[in-house]
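Residues per chain are reported as follows:
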Amino acid sequence: MRSRTGLLLVDIGQLLTLRSAAGGPRRGASLSELGIIQDAAVLCLGGKVVSVGTTKDALRDPWLKKNRKKIVEIECGGHVVLPGFVDSHTHPVFTQPRLVDFEKRISGANYEEIAEAGGGIRSSIDGVRKASKSALTQEIVTALADMARHGTTTVEAKSGYGLNAESELKSLEAIRAAARIWPGTVVSTFLGAHAVPAEYRGRQPEYVDLVCNEMIPAVAERKLAQFVDVFCDRGAFSATETEQIFAAAEKHRLAVRAHVGQLSETRLGPLLRYQPASLDHMDHVNDADLPALARSDTVATLVPGANYFLGSEKYPDARRFIAAGVAVALATDYNPGSSPTLSMPMAMSLACTHMKMSPAEAIAAATINGAWALRLAGGKGTVEPGKDADLAVFDVSDYREIPYWFGSSRSALTIMNGVASGQLSSQGRT
Ligand SMILES: [Zn+2]
């Protein structure tokens, strides 16, 4: 079913509108406000939500009575409907799973031993450099379709396995080509500073110069990305190098975000001066940085799938961030090395069980705060008139079941910019 003519969802058991009086990203108590309407209906026209209310009121609406035949009606059978998930951190441009890493890590091998056995990021880089743009596009399209099957309607997609100008631009062009095919929304991010490629080993400053002086200008000129990202951590790029890359991005009017604190602590003050949309991972953060982070609109995007898949017993301290008033989002970090999941419900389940976020907090972090992390909160992340018609229908009767049923998807129907994908078992006239 592909339709942008008009959709009326009726008989929704719980509609999570995520409406809130709080302005800006959700913090503290406002992270739990789901704005639930029981027995609800949503009308979407031209790819936008136009009205939200109860089924009873919708069916009495004079305009709807007159135009009902022109509209596709979706009988939701008491299921839960919420804003489509905003997965604000993914690395979908790769060609192969990293099974050597997986098996070697299980047997206790360290990073160097995995690299020696032919695994590690090097194998992903080789794959992307050799792949055609159309092959990469196909990989991304397949991932996006699978994400939609799990309720995701907006995806941030990073380059970062090319690590030379040609392959980074090819990766971003593949993201753009995939975005044109998929009915959902894709935000692209240039991550040339993901790692230092082997040919620049020992010459890291030269690679940073290449990122700043060649790659970023080319990305900006071709309008291939909205964001520039840096992997700022031990063994990757230093805080000083991250500032250098942020300054180059700023010069070319690209917004910034960073991977920070996954392996080691970086002080956040100098990075916050560039007003990053998001700082991601955040396993190691200095307490003294929390007040400045809480005062900013920078979102802390937590990616527990990576902690899970790397077999870590430690997870980011979500409760500490929430208590400090920091805006927290959840994302999958979908990538072949450390988080091969594209399921937002799985990320939410891990957030509940291992980071002690409540189901309500996990839902807000996976929708409206993800939208803030991509600077898309004006159109995404809540179900309100005027917003994009991005909705996820789950085959459950209580929203807490979404993170509860871990490891399987109860996602039944996903609507992206007014285009429905999937099939409800109890679906009526469509
Ligand atoms: Zn990442």
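Quick notes on the confidence of the model for the chain
Okay, so step 1: For the chain, per-residue confidence averages 95 on the pLDDT scale, and residues scoring 70 or more make up 98% of the total.
Okay, so step 2: Contacts from residues 426-430, a stretch scored under 50 in pLDDT, to residues over four places away or in other chains number 17 contacts.

Examining the coordination of the zinc ion
Okay, so step 1: Taken together, His89 (NE2), His91 (NE2), His259 (NE2) and Asp333 (OD) make up the full set of protein donors to the zinc ion, lying 2.0 to 2.5 Å away.
Okay, so step 2: Around the zinc ion sit 4 donor atoms; with metal-centred angles ranging over 79 to 166 degrees, the donor geometry is irregular.
Okay, so step 3: Going along the chain, you hit the donors of the zinc ion in the pattern H-x1-H-x167-H-x73-D. On the criterion of sequence distance, the pair formed by His91 in the loop between strand S6 (85-90) and helix H3 (99-106) and His259 in strand S10 (residues 255-260) is long-range, its members being 168 residues apart.
Okay, so step 4: Take His91: its relative accessible area is 2%, and that puts it in the buried class.
Okay, so step 5: With relative accessibility at 2%, the residue His259 sits in the buried group.

Some details on the nonpolar core
Generally speaking, soluble globular proteins have nonpolar side chains that are buried together.
Okay, so step 1: Counting residues in each nonpolar core, the largest one holds 111 residues, and the members touching the most others are Phe190, Tyr207, Ile245, Met282, Leu330 and Met357.
Okay, so step 2: A per-element tally of this core places helix H8 (residues 204-221) first, with 10 residues.
Okay, so step 3: Formed by 22 residues, the second largest nonpolar core is a distinct cluster that contains Leu7, Leu15, Val49 and Ile415.

Regarding the pattern of salt bridges
Okay, so step 1: The final tally for this structure, using the stated rule, is 22 salt bridges.
Okay, so step 2: With a closest N to O distance of 2.5 Å, Arg320 and Asp287 form a salt bridge. With Arg320 in helix H13 (residues 318-324) and Asp287 in the loop between strand S11 (278-281) and helix H11 (290-295), the pair connects residues that are 33 residues apart, well separated along the chain.

Focus on the packing of H8 against helix H9 (residues 239-251)
Okay, so step 1: Direction vectors running N to C along H8 and H9 enclose 15 degrees, while the axes themselves pass 9 Å from each other. In terms of orientation, H8 and H9 fall into the roughly parallel class. Here H8 runs over H9; the crossing is right-handed. On H9, the residues that touch Gln204, Val208, Asp209, Val211, Cys212 and Ile216 of H8 are Glu241, Gln244, Ile245, Ala248 and Ala249.
Okay, so step 2: In terms of residue class, the contact of H8 with H9 is made up of 7 nonpolar, 2 polar and 2 charged.

Analysis parameters
- Residues numbered from 1 in each chain as written.
- Predicted model: local features only at pLDDT ≥ 70, side-chain atom pairs only at ≥ 80, totals over all residues.
- Heavy atoms only, no water.
- pLDDT = per-residue confidence, 0-100.
- Contact = heavy atoms within 4.5 Å.
- Donors = N, O, S within 2.8 Å, 3.2 Å for Na, K, Ca; no water.
- Tetrahedral: all angles 85-135°; square planar, octahedral: opposite > 155°, others 65-115°.
- Helix = DSSP H or I, 4+ residues; strand = E, 2+ residues; numbered from the N terminus.
- Buried < 20%, exposed > 50% of the residue type's maximum accessible area, 1.4 Å probe, protein only.
- Core = buried A, V, L, I, M, F, W, Y, C linked by side-chain atoms within 4.5 Å.
- Salt bridge = Lys/Arg side-chain N within 4 Å of Asp/Glu carboxyl O.
- Axes fitted to C-alpha atoms, helices over the stretch in contact; angles between N-to-C directions.
- Parallel < 35°, antiparallel > 145°, perpendicular 65-115°, else oblique.
- Left-handed = near helix turned anticlockwise from the far one by under 90°.
- Nonpolar A, V, L, I, M, F, W, Y, C, P; charged D, E, K, R; others polar.

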